[in-house]
Amino acid sequence: MGAMQTTRILILGGGFGGLYGALALEKTIGKSPGIEITLVNKENYFLFTPLLHEVAASDLDVTHTVNPLRVLLKRARFFNGEVDSIDLDRKTVLVSHGEEHHRHRLPYDYLLIALGSVTNFHDLPGEENAVTMKSLDDAIRLRNRLIELLEAADYDCQSGSRDPLLSVVVAGGGFAGVETVASVNDFFRAALKRYPHVRNEMIRLVLVHAGEFILPELGEALGAYARGKLAGRGVEVRTCTTVTSYSDGVAVLSDGTRIPAATLIWTAGITPNPLLAALPCEKDHGRIVVDRFLEVPAYPGVWAVGDSARVPDEAQGSFCPPTAQHALRQGRVAARNIAARVSGGTPRPFVYRSLGALAAIGHRCGVARVFGMNFSGFFAWWMWRTVYLGKLPRFEKKLRVALDWTLDLVFGKDLVQFEAHRVGATARTDSRMNVGPAASPVAVSADDERA
């Protein structure tokens, strides 16, 4: 008897589009003989990005917003490594893993591209000094930096440079920027009682946004409400303005304002994964152009979703925004269409109308637009937490996050730094990072994903 031919389905990326595509494939054709599903991701976990700013602000434990992919995937194989290149003509993907970057060439019959996006600094001078919020590592580094700045500001010997130490500029007034500046502000204010030499007036938070009002996705009314709440808690909001450079601890704005700040957090833009630029298929602003079935027209058997794809929105007559709630559903539809192609079924188009969007703006306050209705205040904040707790994968993580939130109502912020120092066999001087206003903050990376 001849050997059964294996149908190889390869998924690139373990974010919302890739993971939920893999889970949908497991449910549809995962049990069928001869089906091999492989997911490739550089981290071995799925990160629930809407809660990332709460990790940075010490509201949630570091690991409670992530789920191991090997636990989530029941039938699909997982490859922990980097995607180096994609050959659409030969139907192979070059991947590497390990510290020595061992390379493997993975062939496929069907390919789902869900590589997400990277930060776009728009050629900002001094971008290497900026901090952003895109990965778990970014949130941990930002959390450590905020604590280190508080520790430095509490030293008497730093009295001449305290103000810039606790000055933070956040570029970008979308979801990521607003939620980050609100969380950082709450973190600083709540930590004051633990630092006797740090005064409230030494803290300065500035949110810079290019548009006329913040949170443009929610409309002008909720944007104005959010701005008023942030301003009432000491956050400066500057609209119709951009950050044009950041060096020597000074952020320069487009109106000529110079703000001494030890930290610039950049959330003002994303761009598709650079790997897509080398692909021979049609692209629009770096994103792969797909049809209504999420398939690449010139390359049958190749699908793209999420930030990697330019997906037509037939209901609105435009294109789908690069949000997590769209990527999640696109992953599921692409998976069902792959299953239909394998089994000889009929594919279905991607049609989805957003149910709404929510944002937390600090101090148990939020804004939300659900089914076309606006909500604000405590109820919107409660709705925000309820919705995202429900969307978080696995009961274990839901329980851990719920416990973190409950304990946060009783106890203060955790001020422990999670730093890993290598201790050598011989004694040596411990050189600490200079966190003065001229320091170069740790460069990390954010995005504006909404589930």
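These numbers were taken from a predicted model, which means no experiment stands behind them.

The rules behind each value
- Residues numbered from 1 in each chain as written.
- Predicted model: local features only at pLDDT ≥ 70, side-chain atom pairs only at ≥ 80, totals over all residues.
- Heavy atoms only, no water.
- Pairing = 2+ DSSP bridges.
- Helix = DSSP H or I, 4+ residues; strand = E, 2+ residues; numbered from the N terminus.
- Axes fitted to C-alpha atoms, helices over the stretch in contact; angles between N-to-C directions.
- 1 Å grid on protein atoms, 1.4 Å probe; cavity = no way out; pocket = protein on both sides within 12 Å on 5 of 7 lines; lining within 4 Å.
- Points joined across faces, edges and corners; volume = space filled by probe spheres on them.
- Buried < 20%, exposed > 50% of the residue type's maximum accessible area, 1.4 Å probe, protein only.
- Right-handed = clockwise from strand over helix to strand, strands pointing away.
- Parallel < 35°, antiparallel > 145°, perpendicular 65-115°, else oblique.
- Left-handed = near helix turned anticlockwise from the far one by under 90°.
- Contact = heavy atoms within 4.5 Å.
- Nonpolar A, V, L, I, M, F, W, Y, C, P; charged D, E, K, R; others polar.
- Phe/Tyr/Trp six-rings, centres within 6.5 Å; stacked < 30°, edge-to-face > 60°.
- Lys NZ or Arg CZ within 6 Å of the ring centre and 35° of its normal.

Asker: Can you lay out the sheet that holds strand S1 (residues 7-12) for me, pointing to particular residues and giving the numbers?
Answerer: Across the sheet, which stays open at both edges, the five strands sit in the order S5-S2-S1-S9-S22 with parallel pairing between neighbours. Bordering the open sheet on either side are strand S5 (77-80) and strand S22 (302-304), each of which pairs with just one other strand. The sheet shows a mean angle of 15° between the axes of neighbouring strands, taken without regard to direction. Taken together, the six bridges between S1 and strand S2 (residues 35-41) define a ladder with parallel strand orientation. Considered in S2, the bridge of Arg8 is made with Glu36.

Asker: Any chance you could break down empty space enclosed by the protein for me, citing the residues and the numbers?
Answerer: Looking at the second largest cavity, its volume works out to about 50 Å³. Lining the second largest cavity are Ala190, Ala191, Lys193, Arg194, Gly412, Lys413 and Leu415.

Asker: Outline the pairing of strand S13 (residues 204-208), listing residues and values.
Answerer: In terms of burial, S13 is largely enclosed, as four of its five residues are buried. Here five bridges tie strand S12 (residues 167-171) to S13, and the two strands are oriented parallel to one another. Each bridged residue has a counterpart across the sheet, and for Val168 the counterpart in S13 is Leu205. Once you follow S12 into helix H6 (residues 175-191) and on to S13, the crossover reads as right-handed.

Asker: Describe the packing of helix H9 (residues 378-391) against helix H10 (residues 395-408), listing the residues and the values that go with them.
Answerer: Interaxial distance between H9 and H10 falls to 9 Å at its minimum, and their mutual angle equals 155°. Relative to H10, H9 is oriented roughly antiparallel. For the pair H9 and H10, the sense of crossing is right-handed. Contacts between H9 and H10 pair Trp384, Arg385, Leu389, Gly390 and Lys391 from the former with Lys398, Val401, Ala402 and Trp405 from the latter.

Asker: Let's hear about the packing of helix H1 (residues 16-28) against helix H8 (residues 324-343): which residues, and what values?
Answerer: One way to put it is that H1 packs onto H8 with a least axis distance of 7 Å and a crossing angle of 35°. Between H1 and H8 lies a crossing of right-handed hand. Across the interface between the two elements, Phe16, Gly17, Tyr20, Gly21, Ala24, Leu25 and Thr28 from H1 touch Ala324, Ala327, Leu328, Gly331, Arg332, Ala335, Ile338 and Ala339 from H8. Residue composition of the contact of H1 with H8, by class: 10 nonpolar, four polar and one charged.

Asker: Account for the side chain of Thr180, with residues named and values stated.
Answerer: On the secondary structure map, Thr180 appears in helix H6. Here Thr180 is in contact with His53, Met133, Leu142 and Ile265, once residues within four sequence places are set aside.

Asker: Kindly report on the packing of aromatic side chains, identifying the contributing residues and their values.
Answerer: Counted under the stated rule, the structure contains 14 aromatic pairs. A centroid spacing of 5.0 Å and a plane angle of 85° characterise the contact between Phe16 and Phe46, whose relative ring orientation is edge-to-face. With Phe16 in helix H1 and Phe46 in strand S3 (residues 45-47), this residue pair connects regions lying 30 residues apart in the sequence. Just as Phe16 is buried, Phe46 falls in that class too. With 6.4 Å between their ring centres and 45° between their planes, Trp384 and Trp405 make a pair best called tilted. On the criterion of sequence distance, the pair formed by Trp384 in helix H9 and Trp405 in helix H10 is long-range, its members being 21 residues apart. Neither Trp384 nor Trp405 differs from the other in exposure class; each is buried. The structure contains a cluster of three or more aromatic residues connected by ring pairs, namely Phe16, Tyr20, Phe46, Phe48, Trp384, Tyr388 and Trp405. When the ring centre of Phe319 is taken as reference, the NZ or CZ atom of Arg310 above it lies at 4.2 Å.

Asker: Break down the sheet that holds strand S17 (residues 258-260) for me, with residues and values.
Answerer: Pairing within the open sheet is antiparallel, and its three strands lie in the order S15-S16-S17. Strands with a single pairing partner mark the edges of an open sheet, and in this sheet they are strand S15 (243-247) and S17. Going across the sheet, the axis of each strand differs from the next one's by a mean of 20°, ignoring polarity. In this sheet, strand S16 (residues 250-253) lies alongside S15 in antiparallel orientation, the contact comprising four bridges. Residue pairing for S16: Val243 is matched across the bridge by Leu253.

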